[in-house]
Amino acid sequence: MNLLTKMKKPKQTHVPSTNYFDLLSEEIVFSILDFLDDNPLDKKSFSLVCKSFYTTESLHRRALKPLRSEHLTKILHRYPCITNLDLSLCPRIDDSSLTVISNVCKNMLRSIDLSRTKFFTHVGLSNLVLNCVNLVDIDLSNATELKDPAAAAIAEAKNLERLWLRRCKAITDIGIGCVAVGCKKLRLISLKWCLGIGDLGVGLIAVKCKEIRSLDLSYLPLYVKLWTEDLVTYAGLVITMPAVGLEITKNCLLPILELQYLEDLFLEGCFGIDDDSLAALKKGCKSLETLDMSSCQNVSHVGLSSLTSDTACLRQLILAYGSPVTLALADSLQKLSMLQSIKLDGCLVTCPGLKAIGNWCISLRELSLSKCLGVTDEGLSSLVTKHKDLRKLDVTCCRKITHVSIAHITNLCTSLTSLRMESCTLVSRESFVLIGQRCQCLEELDLTDNEIDDEGLKSISRCSKLSNLKLGICLNITDGGLAHIGLCCSQLIELDLYRSAGIMDTGILAIARGCPGLEMVNIAYCTEITDHSLMSLSRCSKLNTLETRGCPLITSLGLAAIAVGCKQLAKLDTKKCYNIDDAGMIPLAHFSQNLRQINLSYSSVTDVGLLSLASISCLQSMTILHLKGLTPSGLAAALLACVGLTKVKLQESFKSLLPRLLFEHLEARGCVFQWRDKVFQIIEMALRSTFYYLQAEVDPIFWKLQLEDVE
Amino acid sequence: MIGRIDQQFPGFNQRPETPPSAAFNPNSQLKIPDASKTQDWDPRTMLSNLSFLEDKIHQLQDLVHLIVGRRAEVVGRSNEFVPQQQQLITADLTSIIVQLISTAGSLLPSSKHSLPSVTPIVTQLGQLDGGLFPTGSGLNGFVPPHNGVSKVEDQSNQIDPTNVCGPEQNYSVEENESKDEEDADDGENLPPGSYEILQLEKEEILAPHTHFCVICGKGFKRDANLRMHMRGHGDEYKTPAALAKPHKESNSEPMLIKRYSCPYVGCKRNKDHKKFQPLKTILCVKNHYKRTHCYKSYTCSRCNTKKFSVLADLKTHEKHCGRDKWLCSCGTTFSRKDKLFGHIALFQGHSPAIPSDETKGLAGHSDRGEIDEAPNKVARLDFNFSSDTSIEGGIHNATNSKGSVDDPTGYFSPLNFDTCNFNGFREFSRNPFDDSESSFSFLISGSCKYPGKTGEEPGSNDLQR
């Protein structure tokens, strides 16, 4: 686009009357603009070309994600066709901001995201909802201050279809009752962590909102009990009374299961639900496609089979951290003929249970056994024999499996696209060669903390579609193996080399050359890496996340190269890069205009460097622990100057060194402070010239040995 | 105030007497607690009664003092409270007089009388808690949960056409609870003619007492209480025969069942009504007549909105008024949350209402119409106010921080922060529509305006337009 800008300008000066773009209809220009989605700056360049381009772009834009609320009026007037407004990056949205939005956007607005923003009240919400009558989506997640009046204000949004209220802890049954009555068209509602809402509110939603498709009730304090007996204890007295009528008011699950269109039901961590209540319901939900009953420790196969009795079209079942996966459980789920995905993370797994799953008539696409205890070669091998169509397999931390399992998996499930096998420490080096030979469709591969070596990497480089590769704590790999990946896996987007000590600059160079689409790179604690690596990575123009923790050889020079080359950089972690100083901050401040999050702890940055970062308008999160050169006044200046800050991690000591009113002021601006009082150990120790300690911190092999000692 | 006097009433019913002697009436079917409390004249009891009365008069004196003082304060508004205060004092005085007479009555010579009784003992039991002096016995305290369900239905299909006295439609659960009393016979379906219809006149119904002591003249609402009272007039009233219900003992032949008609023409409970439904007891007649055809003269002193024509209803209401009140947008209140939700689940368009102190300017529910308009306006006013003040705060600070750019040392001096923040604080503490919850948020909105202005003044000024 920049090219276009340059070309266009001289043309206009020479022949001002003819603009070929005038010949194109608006629709055509709009569809061209539809393709400019990758980099937000492209559209900006386009709009800067000329007035007509400016107008076209203004009319084309539908979605907006502003960084500050101060300019809302101007922005909203510039873009009159905005339908989707995402305010999650604004640290502060108060009632006046919402009033501005409601007065400018009026009927155009269909979706608004207010998650992560604070300071607005029910008054602003009420204005918004009354003026923007076509609102379909509202996300109010994390609005922990909002109370029932806010929910009552939302209830006036008669056209609302999707409502997220995650972690709105202060809203009670009364508030959600208002929503249930007011928002008749609701299709999705998420009440995860709404601890103030119980059976009554949920029950009313199910009674009043018949259109519900997706219902998230995770971690709600539901006490689903059936009043099956006539004896009811009330205030210490036992009285006989008819149980009829009580069932409806007491058990909110009944109306939920009667919802005609319900597709997704999330009941994660609903400890009040147990087998008895589910079995007593004798009812399933016909339309259900996704069911999440993770962490429901009181639900075993008995309750589950009751709940899934009528459920013919269930596709996804999530039973993580639940009751043991036994033969009974596996058998109870046998009837689910449409099941494609099952997640059993963190469950105790028995061999007969896995074998029974292997005997199901259906062929699973997705299976997750992450952190399951009891997964053995025998169980896993017999499981995969039937499920040859498996696309995604997660065996993270199944520490008992060996080469046998991997041989079976690679032999049968050749169409695997995702394999996650972090910390399968018994799997031998040869197994990884098999993975590369047989599963060439792999797109995601997590080999963190495994015994893979360069031979394995060479074999894996055959997976040409690989986009996400995690090689953290793989101590056997070196630059030679990584070079193969760089040569063949050109689609790589994410690469994790955390504490893979054998990697040096040449390996990174090969990767940077071969994988231009890299977006996330982690080279933390690869102690041999120098500025050369950063310079080579600077050619990856899409890079948005870089972590270089504990790379002591990296200096400001390398960081400057990254800043210049990787304009998309949004997250940067240079903790314990002792040689990075203010000289690195200045190019960063100048070029990395997309930087949102930075960690500068233990680096040599001082007041000046920190203050210069204020020119990055979207900087939101800063971790600045143990900066030697940071003075209280410098910190205060930087904090005041970085207007968009929402989260700052600081040393406890600054709390007393700066006026309390400063912090109150910053908090009112929308910034949250996290205070840390960890001892300044590493540098102190290094200063004592005890090489040993430094070694302990940064040397991966030593680190792993330490870890094993702890275990 | 009323609450305090309330608590004194039980004292009258449960006069400090010696413990009941269970052996006295072994075959008595009376189950009223008073039934077993009977003994000769006891000077100690008399003394305690008298000292109790003394206390009572002192309290009343205090109350009158208080009213006099308050009347002097609010001359203009006093009118609306006058009837209430009079009521209060009258009620208190009456109870003192009654107590005095009954104390004195125990000294009088006794004579025997046959006691006319109309109310069967079973209903008397039921009436205990509906009486003038609720004793707070267990009978009244517990309401079985299933009652509520029937009550809600009750309300839906019982639209009383004769409810002409009170313009307000504020039914409360408490009211309905006692309504059950008169509706209890609905399912009875006695064939016409199988019972005798009695119709008391309006004056009779509204007379405070129906049973009078022939010796001392004290009036009672219940025959059983009169009989209890008679024991104090002499030993001849203490025999089981005198204490027992006269009818069942004396008349062995079956009596025709008695049912009652309301004297109000056109009422469903009037015998001339097409779908006449008789009332079971005299108390039912009284409560029905007062509730449906009389002015609701008792106003709740807490909420000042609810009105009742039966004092007991007021007292039951006052027990719950203000706390644990679950409110529906239609104005119905519930003592329990699940009852409210059951109600809302049942009716279209009803929704939970948020107590006014919590909303304070919530855009109202359409159902409630005009009543909500007022707080709505307040909210808007409120809101404008906050943004106005923030302009001041904003500009003030914008200059502040601009000045400090030139002078880096001044930038961080705590003094600067002081002035900014205090400015914000002062502005908002003046807010006339202030309440605890919203004042906090306004305070923040005010104090935050200024930082944003460091360089972006035009943008934020736009906000105010």
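Every chain begins its residue count from 1, and numbering advances along the sequence as written. The order in which chains are written sets their letters, starting at A; the order in which ligands are written sets their numbers, starting at 1. In keeping with the model being predicted, local features are shown solely for residues with a pLDDT of at least 70 and side-chain atom pairs are shown and tallied solely at 80 or more, while totals for entire chains, interfaces and linings include all residues. With hydrogens and water stripped out, all remaining heavy atoms of the structure feed into the side-chain values.

**Student:** Any chance you could break down the overall build of chain B for me, citing the residues and the numbers?
**Tutor:** Within chain B, the regular secondary structure consists of 20 helices and nine strands. The contact definition used throughout considers only heavy atoms, calling two residues in contact when any of these lie within 4.5 Å. Long-range contacts, defined here as pairs at least 24 residues apart, represent 61% of the contacts in chain B between residues at least 6 apart. Split by element, the accessible area of chain B, about 24300 Å² in all, is 58% carbon and sulfur. For the purposes of this entry, the term helix denotes a DSSP run of H or I that reaches at least four residues, the term strand denotes a run of E that reaches at least two, and both are numbered from the N terminus. All accessible areas in this document rest on Shrake-Rupley with a 1.4 Å probe, and a residue is counted as covered only by the protein chains that are shown.

**Student:** Outline the overall build of chain A, supporting the account with residue identities and numerical values.
**Tutor:** In terms of helices and strands, chain A carries 32 helices and 26 strands. Categorising residues by exposure relies on relative accessible area from a 1.4 Å probe, with only protein chains included: less than 20% of the type maximum marks a residue as buried, more than 50% marks it as exposed, and the intermediate range marks it as partly exposed. Burial statistics for chain A: of 711 residues in total, 57% are counted as buried. Considering only contacts in chain A between residues 6 or more positions apart, those separated by 24 or more positions represent 73%. Total accessible area computed for chain A in this model is approximately 28500 Å², and 55% of it derives from carbon and sulfur atoms.

**Student:** Quick one: what's the story with the sheet that holds strand 7 (residues 326-328) of chain B, residue by residue and with numbers?
**Tutor:** Strand-to-strand pairing in sheets goes through backbone hydrogen bonds, with the strands running parallel or antiparallel. Residue and element names in this part refer to chain B. The strand order 8-7-9 describes an open sheet built from three strands, whose pairing is antiparallel. What marks the edges here is a single partner per strand, and that holds for strand 8 (333-334) and strand 9 (352-353). Two strands make a pair as long as DSSP finds a minimum of two bridges between them. One ladder, built from two bridges, connects strand 7 with strand 8; its direction is antiparallel. Its bridge partner lying in strand 8, L327 is registered against T333. Only the stretch in contact is used when fitting a helix axis, every axis being a line fitted to C-alpha atoms; angles between N-to-C directions are given from 0 to 180 degrees. Together, strand 7, strand 8 and strand 9 form the strand contacts of helix 14 (residues 337-346), whose direction differs from that of strand 7 by roughly 15°.

**Student:** Describe the packing of helix 9 (residues 173-182) of chain A against helix 14 of chain B, listing the residues and the values that go with them.
**Tutor:** Packing of helix 9 of chain A against helix 14 of chain B brings their axes to within 12 Å, and their N-to-C directions diverge by 0°. Relative to helix 14 of chain B, the element helix 9 of chain A is oriented roughly parallel. Residues A:D173, A:I174, A:G177 and A:V181 of helix 9 of chain A form the contact with helix 14 of chain B, whose own contacting residues are B:K337, B:L340, B:F341 and B:I344. Residue classes in the contact of helix 9 of chain A with helix 14 of chain B are distributed as five nonpolar, one polar and two charged. Any angle that is under 35 degrees is reported as roughly parallel, and any over 145 degrees as roughly antiparallel; angles of 65 to 115 degrees are reported as roughly perpendicular and all others as oblique. Polarity classes work like this: nonpolar for Ala, Val, Leu, Ile, Met, Phe, Trp, Tyr, Cys and Pro, charged for Asp, Glu, Lys and Arg, and polar for all others, with Gly in that last group.

**Student:** Before we move on, can you summarise the nonpolar core with the specific residues and values?
**Tutor:** One broad rule of soluble globular proteins: the nonpolar side chains tend to lie buried together. What is meant by a nonpolar core is a set of buried Ala, Val, Leu, Ile, Met, Phe, Trp, Tyr and Cys residues, joined one to another through side-chain atoms within 4.5 Å. Counting 204 residues, the largest nonpolar core has A:I101, A:L125, A:L191 and A:M293 as the members making the most contacts within it. Considering every element that reaches this core, the biggest residue donor is helix 9 of chain A, with six residues. Ranked by size, the runner-up nonpolar core spans 11 residues in total, among them B:Y260, B:I282, B:C284 and B:C294.

**Student:** Help me get a handle on the confidence of the model for chain A, residues and values and all.
**Tutor:** Residues and elements named next belong to chain A. A score from 0 to 100, pLDDT tells how confident the predictor is in each residue. In the predicted model, chain A carries a mean pLDDT of 87, and the fraction of residues at 70 or more is 89%. Of the regions scoring below 50 in pLDDT, residues 226-249 engages in 34 contacts with residues more than four places distant in sequence or in other chains. Predicted confidence is poor over residues 684-694, with pLDDT under 50, and the contacts of this stretch with residues over four places away or in other chains come to six contacts.

**Student:** Tell me about the confidence of the model for chain B, residues and numbers included.
**Tutor:** Residues and elements named next belong to chain B. A residue-level look at chain B finds 42% of positions with pLDDT of 70 or above and a mean pLDDT of 59. In this model residues 1-39 is a low-confidence stretch, pLDDT under 50, and it forms 69 contacts with partners more than four residues away in sequence or in other chains. In the model, residues 361-465 has pLDDT below 50 throughout and makes 130 contacts with residues more than four positions away in sequence or in other chains. In the model output, the complex is listed with pTM 0.64 alongside ipTM 0.78.

**Student:** Now, about the packing of helix 6 (residues 95-105) of chain A against helix 7 (residues 122-131) of chain A: what can you tell me, with residues and values included?
**Tutor:** All names here are of chain A. Interhelical geometry of helix 6 versus helix 7 gives an angle of 5° and a closest axis separation of 8 Å. In terms of their interaxial angle, helix 6 and helix 7 are classed as roughly parallel. Residues D95, L98, T99, I101, S102 and N103 of helix 6 touch helix 7, and the partners they reach there are V123, G124, L125, N127, L128 and N131. Within the contact of helix 6 with helix 7, the residues separate by chemical class into five nonpolar, six polar and one charged.

**Student:** How would you sum up the pairing of strand 25 (residues 647-651) of chain A? Please name residues and give values.
**Tutor:** Residues and elements named next belong to chain A. Judged from the three bridges that link them, strand 24 (residues 621-623) and strand 25 form a sheet pairing that is parallel. Each residue of the ladder has a partner; that of M622, found in strand 25, is V648. By definition, the crossover connecting two strands over a helix is right-handed if that path, from the first strand to the second, turns clockwise as seen with the strands pointing away from the viewer. Viewed along the sheet, the connection from strand 24 through helix 27 (residues 632-641) into strand 25 turns out right-handed. In this structure, strand 25 lies alongside strand 26 (residues 672-676), joined through five bridges in parallel fashion. Counterpart to V648 in the pairing with strand 26 is F673.

**Student:** Please provide a residue-by-residue account of the pattern of salt bridges, values included.
**Tutor:** Salt bridge, as applied in this entry: a Lys or Arg side-chain nitrogen positioned within 4 Å of an Asp or Glu carboxyl oxygen. In the structure shown here, the tally under the stated rule is 23 salt bridges over all chains. Between A:K355 and A:E378 there is a salt bridge, with the nearest N and O atoms lying 2.7 Å from each other. Within this pair, whereas A:K355 is found in helix 16 (residues 351-358), its partner A:E378 is found in helix 17 (residues 377-386), the two being separated by 23 residues in sequence. Using a relative accessible area of 31% as the deciding quantity, one classes A:K355 as partly exposed. As a salt-bridge pair, B:D313 and B:R291 come within 2.8 Å of each other at their nearest N and O atoms.

**Student:** How would you explain unusual backbone geometry if you had to name every residue and give the values?
**Tutor:** Residue and element names in this part refer to chain A. You will see that W193, though not glycine, has its phi angle at about 65°, which is positive. The exposure class of W193 is partly exposed, given its relative accessible area of 36%. Residue C397 is not a glycine yet carries a positive backbone phi of 60°. Tracing the backbone shows C397 in the loop between strand 15 (392-394) and helix 18 (403-412). Among the residues examined, C397 registers a relative accessible area of 14% and is labelled buried.

**Student:** How would you sum up the UniProt feature "domain: C2H2-type" (unreviewed entry) in chain B? Please name residues and give values.
**Tutor:** UniProt positions are given in the numbering used here, feature names are shortened, and annotations may be inferred rather than shown by experiment. Per the UniProt record, the feature "domain: C2H2-type" (unreviewed entry) sits at residues 211-238 of chain B. The distance separating the terminal C-alpha atoms of residues 211-238 of chain B is 18 Å; by composition the span is 29% helix and 14% strand.

**Student:** Can you tell me about helix 9 of chain A, naming the residues and giving the values?
**Tutor:** Of all 10 residues in helix 9 of chain A, 10 are buried, a share of seventy percent or more. Listed in full, the buried residues belonging to helix 9 of chain A are A:D173, A:I174, A:G175, A:I176, A:G177, A:C178, A:V179, A:A180, A:V181 and A:G182.

**Student:** Break down a nonpolar patch on the surface for me, with residues and values.
**Tutor:** Residues and elements named next belong to chain A. Patch definition: residues with relative accessible area over 30% and no salt bridge; like charges joined within 9 Å; nonpolar side chains (Val, Leu, Ile, Met, Phe, Trp, Tyr) joined within 5 Å. Together, L24, I28 and I32 line one region of the surface with nonpolar side chains, adding up to about 230 Å² of accessible area. Take L24: it is sitting in the loop between helix 1 (2-14) and helix 2 (26-33). Exposure remark for L24: the relative accessible area of 34% places this residue in the partly exposed category.

**Student:** Describe the environment of A:T606, and please don't skip the residues or the numbers.
**Tutor:** All names here are of chain A. One can find T606 in the loop between strand 23 (597-599) and helix 26 (607-612). You can call T606 partly exposed: its relative accessible area is 22%. When the C-alpha atoms of T606 and L627 are compared, they prove to be 6.9 Å apart, with 21 residues separating the residues in sequence.

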